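Structural characterization, general
Chain by chain, the residues run as shown.
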Amino acid sequence: MGYYDIDDILADAAKFPCRFNYAVPGLGYLEGNVGEEIKKNAKVELPLWLARILAIVGGDEEADPDSEGALPFVELLAPEILSSRVMNAIKSSPVALDVHSINAHFYALAVKWATLFDDRELVRVLNYMLLERTREIHNHAASGTLGGAPSTFMLTLDEFEKKLYRDTHSGCKETRHWIVRK
Amino acid sequence: MSLPWNIQETFSPEEIQFIVENEPIKIFPRFTTRVSLRGDRAKPAHTRWKLVTADDHPLNNLVAIQTTEVALWMALLLKQQGKCSIVAPGWLRLSQLQKYIDYELKHAERFSELPWNWLVVAQLLFSKAADDLHDPVHLLRGKIQDLREIRLGKIGQGLKHLNESHLQLDNLSLLEINELRPFVLGVMNKLKQVHSSISEERGSEDYYE
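Worth saying up front: this structure is predicted, and the values here are computed from it rather than measured.

Rules of the game
- Residues numbered from 1 in each chain as written.
- Chains lettered and ligands numbered in written order.
- Predicted model: local features only at pLDDT ≥ 70, side-chain atom pairs only at ≥ 80, totals over all residues.
- Heavy atoms only, no water.
- Helix = DSSP H or I, 4+ residues; strand = E, 2+ residues; numbered from the N terminus.
- Buried < 20%, exposed > 50% of the residue type's maximum accessible area, 1.4 Å probe, protein only.
- Contact = heavy atoms within 4.5 Å.
- Areas by Shrake-Rupley, 256 points an atom, 1.4 Å probe, with all protein chains shown as cover.
- Pairing = 2+ DSSP bridges.
- Axes fitted to C-alpha atoms, helices over the stretch in contact; angles between N-to-C directions.
- Domains from an automatic or database assignment.
- Buried area = accessible area lost by both parts, 1.4 Å probe.
- Salt bridge = Lys/Arg side-chain N within 4 Å of Asp/Glu carboxyl O.
- Polar contact = N/O pair within 3.5 Å; in protein donor to acceptor, adjacent residues only side chain to side chain.

Let's shift gears to the overall build of chain A. Along its length, chain A carries seven helices and three strands. Sequence-ordered secondary structure for chain A, helices as α and strands as β, is α-β-β-α-β-α-α-α-α-α. Within chain A, the fraction of its 182 residues that count as buried is 41%. A fraction of 61% describes how many contacts in chain A between residues 6 or more apart in sequence connect residues 24 or more apart. For chain A, the exposed area adds up to about 9,900 Å²; of that, 56% sits on carbon and sulfur atoms.

Put into structure tokens, the structure is as follows:
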């Protein structure tokens, strides 16, 4: 959230597929052709912080006076992590889903995507997923068998969920210790 | 700002204990601090106690074997020195606790109306004033443990009612709320983020149906 939030920075570095709406001279290195121009309709994977700006800022209107309003430089395409395959997996069983293997900053990215596209369906799915998964996290954190083998669920947490688990676990642990000590 | 998150945002159990220790509790003092009305000045001074307090009234008017209400921490301190016995609260007896347990088992969706500090008071009295309780302390401990476990299970159930704006779990005690706080705050903040990511105008009709 904050400027120095390392998870936010890392999430912004995730690559999203984009399609260029213009031929841009000198940007060929994005495709691996150093020194060449990037072609119109070329598909490139750009980090989200770059793609977001390019997808919002309009191109030069003079270069293309016939079009109605300027197209942005790139068009963001739906990424793999938010594909319908993943959405269906969430809807069918949020707890069984391996979020960490999809993306370590899944929630942060999904929220950014929903902000960009005002995606209500995604928000609904996220809400459901968050509730189901966090309840499972609470179960694990509250029952808290220390030193036991981590269950497979614990290996599927994304960064937000890990932090939540850590906070919940330390709170429950302190209370448990206090009760035992008394 | 440099303190760890869990110290900034929540209480530690020790801080909860500190807060609860300020609650009044009844004691039987074993000594007198009240000045005798008959003005019996002939007696030697050592029979009269004077305690240093900010609020003079209850502590310097103790009469032996006459119940008085003092703060829990003071009661525990006097108890430790063998200068009073504590009157255990009415709910801290086997029959009453069993009633609470029955209630908890019968109503899966509700919590029984235990005092807001039940867990802390029970634990403090168990460890510092075990001989003043109505029933054997190991039995009481068992009941308290049962209650706590039943309620923990229910809290886990109740979390499915969590949403981005509020969570209502009535009759939860301070320590239980405090234990739950890091989790609930984390989830609710994230839910808020998720919900504020879409624009408000149409959102209201969709989500409060």
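This paragraph deals with the sheet that holds strand S1 (residues 24–29) of chain B. Residue and element names in this part refer to chain B. Here we have three strands laid out as an open sheet, ordered S2-S1-S3, and antiparallel in their pairing. Of all strands in the sheet, those with a lone pairing partner are strand S2 (68–71) and strand S3 (84–86), marking the two edges. On average, each strand axis in the sheet is tilted by 50 degrees relative to the strand beside it, whichever way the strands run. Helix H4 (residues 72–80) rests against S1, S2 and S3 of the sheet, and its axis sits at about 100 degrees to S2.

As a further point, take the domain arrangement of chain B. All names here are of chain B. Assigned domains of chain B: these are domain 1 (10–34 + 48–87) and domain 2 (90–208). The gap between the C-alpha centroids of domain 1 and domain 2 is 28 Å. Interface of domain 1 and domain 2: buried area, both sides summed, is about 1,400 Å²; carbon and sulfur atoms make up 74% of it. When the buried surface of domain 1 facing domain 2 is broken down by residue, Ile16, Val20 and Lys79 rank first, second and third, together holding 33% of it. In this structure, Asp131 and Lys79 form a salt bridge, with 3.2 Å as the shortest nitrogen-oxygen distance. Counting across the interface, domain 1 meets domain 2 through four residue pairs in polar contact (both at pLDDT 80 or more). Of all the secondary structure elements, the ones that give two or more residues to the side of domain 1 that touches domain 2 are helix H2 (13–20), H4 and S3. Considering each element in turn, the side of domain 1 that touches domain 2 owes the most residues, five residues, to H2.

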